[in-house]
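# Architecture at a glance
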Amino acid sequence: LTTTLTTTRETVAARTSSISSPVVPRLLEDASRRRVVKQQFKRFRRIQFDAYLSPTEVEVVREEYERIRERHRALADEDEDSTRTRDESWIVRKNGCVLSSFVCACSFFEEEEEEDSCTRSEEKKKRATAHETWNHRDCASNPSSGSIFGKRVSELVYNMGKIGEMAEFLLRAMVEEGEAEEEDEGVKEDEEKKMSLKTKRKRKGFDADTEECVYLFNDQYIVKPPHVDGVAFSWHRDGQYETWKTPEKSVALPYLSAWVALDDVSEENGTLRFKKNEKERFGPDFDVASIRDEDDDIIATMNAGSIVFFMSDVLHASGKNMSDETRRAWMPQYSLGLPTEHEDSKDSFRCLRTQISR
């Protein structure tokens, strides 16, 4: 299931969407490697990189997870004994196995409670009252702020970091795919039939009015304690739960998830699984609720530090953790274009609107 970056083009086409690279920091610096990555992602709309983060980077993300977990524990009902247990089953009862990162002090800041803000800049304090509209990880850059975020972790998700850089590259690759589709449909170059790039991208769900910037809009940890019910995810597409609103209209905004394994993951402890030949078998209007596990499903078996990038229209699922250890993952999510919450949504992501590119 693994394809190395030195593989020939013919071999790449015959393999799955997994790439093993011992030189991840230089992954996008080599033109041939960029082509391999782009080719596979356009074909599958998902791609797996083994050993993407170094052991040191994995450890600092785990440390941040522990701080966020303890912050969630402190916010839970203090009278509930379940939050005081050494295991992490309380996370499922309280949070449904998803720990949002929106628990830093700045997330709860009010104008009359300046001492509770973990940012010292007066301007940032004003913006913190509506923390969804600013970079809540920015407080990590101030070592004396009391932030629960790790500076090195935050740097990973920005455009110069390993995850942010690849996220921007893959999102822009999908825009190129949209442009190619328009050309295949026979769009002429004359003035009447020619469509502007801006209009094309809006049809694809991207908001070109925000100068085609990449945004980090969500950030969460997914925790599966062992032998606990309520942690399995049935087959779904992330995009089916959310509608975004651009400045001009409401659209289903495509976005990208970066699923980072913080522990070794396998079918036993509930890793991700994907459908083989999804495009041919399951169209956008297919009844997702009727989909079941199959013997030829693609199981994302990975070591800690590996990562799967996938678009919001990709079918995926994960099972119960049947091992004896907790399974942890970190999932930053990105969009190309400004993600603004839909006014009528009752189950809406809390947008960060953190611009990582210009």
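These figures come from a predicted structure and were not determined experimentally.

Each value, and the rule that gives it
Residues numbered from 1 in each chain as written. Predicted model: local features only at pLDDT ≥ 70, side-chain atom pairs only at ≥ 80, totals over all residues. Heavy atoms only, no water. Helix = DSSP H or I, 4+ residues; strand = E, 2+ residues; numbered from the N terminus. Expected span 1.5 Å × (residues − 1). Buried < 20%, exposed > 50% of the residue type's maximum accessible area, 1.4 Å probe, protein only. pLDDT = per-residue confidence, 0-100. Contact = heavy atoms within 4.5 Å. Phe/Tyr/Trp six-rings, centres within 6.5 Å; stacked < 30°, edge-to-face > 60°. Arc of directions from axis to C-beta.

### Remarks on helix α3 (residues 55-75)
- End to end, α3 covers 30 Å across 21 residues, agreeing with the expected 30 Å (1.5 Å per residue, within 8%).
- What α3 keeps buried is the set Glu57, Val58, Val60, Val61, Glu64, Tyr65, Ile68, Arg69, His72 and Arg73.

### Regarding the confidence of the model for the protein chain
- Per-residue pLDDT for the protein chain has a mean of 75; in total, 61% of the residues score no lower than 70.
- Least confident of the elements in the protein chain is helix α1 (residues 9-14), whose mean pLDDT is 31; most confident is strand β10 (residues 272-274), at 97.
- Confidence drops under a pLDDT of 50 for residues 1-16, and excluding neighbours within four residues, the segment shows 34 contacts in the predicted structure.
- Counted against residues more than four places away or in other chains, residues 124-133, with its pLDDT under 50, gives 27 contacts.

### Quick look at the packing of aromatic side chains
- All chains considered together, the criterion is met by seven aromatic pairs.
- Between Phe49 and Phe309, the aromatic rings sit 6.0 Å apart at their centres with planes inclined by 80 degrees, giving edge-to-face as the arrangement. Remark: Phe309 occurs in strand β12 (residues 307-311) and Phe49 occurs in strand β3 (residues 46-50); sequence separation between them is 260 residues. Considered together, Phe49 and Phe309 belong to a single accessibility category, that of buried residues.
- Summarising the aromatic geometry, the rings of Tyr221 and Trp330 are spaced 6.2 Å apart at their centres and angled 20 degrees between planes, so their arrangement reads as stacked. Taken as a pair, Tyr221 in strand β5 (residues 214-224) and Trp330 in strand β14 (residues 327-336) lie far apart in primary sequence, 109 residues in all.
- You can call Tyr221 buried: its relative accessible area is 0%.
- The class of Trp330 is buried, set by a relative accessible area of 0%.
- Clustering of aromatic rings is evident, with ring pairs tying together Phe49, Tyr52 and Phe309.

### Some points on helix α2 (residues 31-44)
- For α2, with 14 residues, the first-to-last C-alpha span of 20 Å sits near the 20 Å given by 1.5 Å per residue.
- Considered for burial, the residues of α2 that qualify are Arg33, Val36, Val37, Gln40 and Phe41. End-on, the buried residues of α2 take up no more than an arc of 120 degrees, which puts them together on one face.
- Among the residues trailing α2, Arg45 stands out with phi positive, at a value near 65 degrees.

### A few points about the environment of Ile298
- For Ile298, the location among the structural elements is in strand β11 (residues 298-299).
- Accessibility expressed as a relative area gives 18% for Ile298, which makes it buried.
- Here the alpha-carbon distance between Ile298 and Lys276, two residues 22 residues apart in the chain, equals 6.3 Å.
- Aside from chain neighbours lying at most four places away, what touches Ile298 is Arg46, Leu272, Arg273, Phe274, Lys275 and Lys276.

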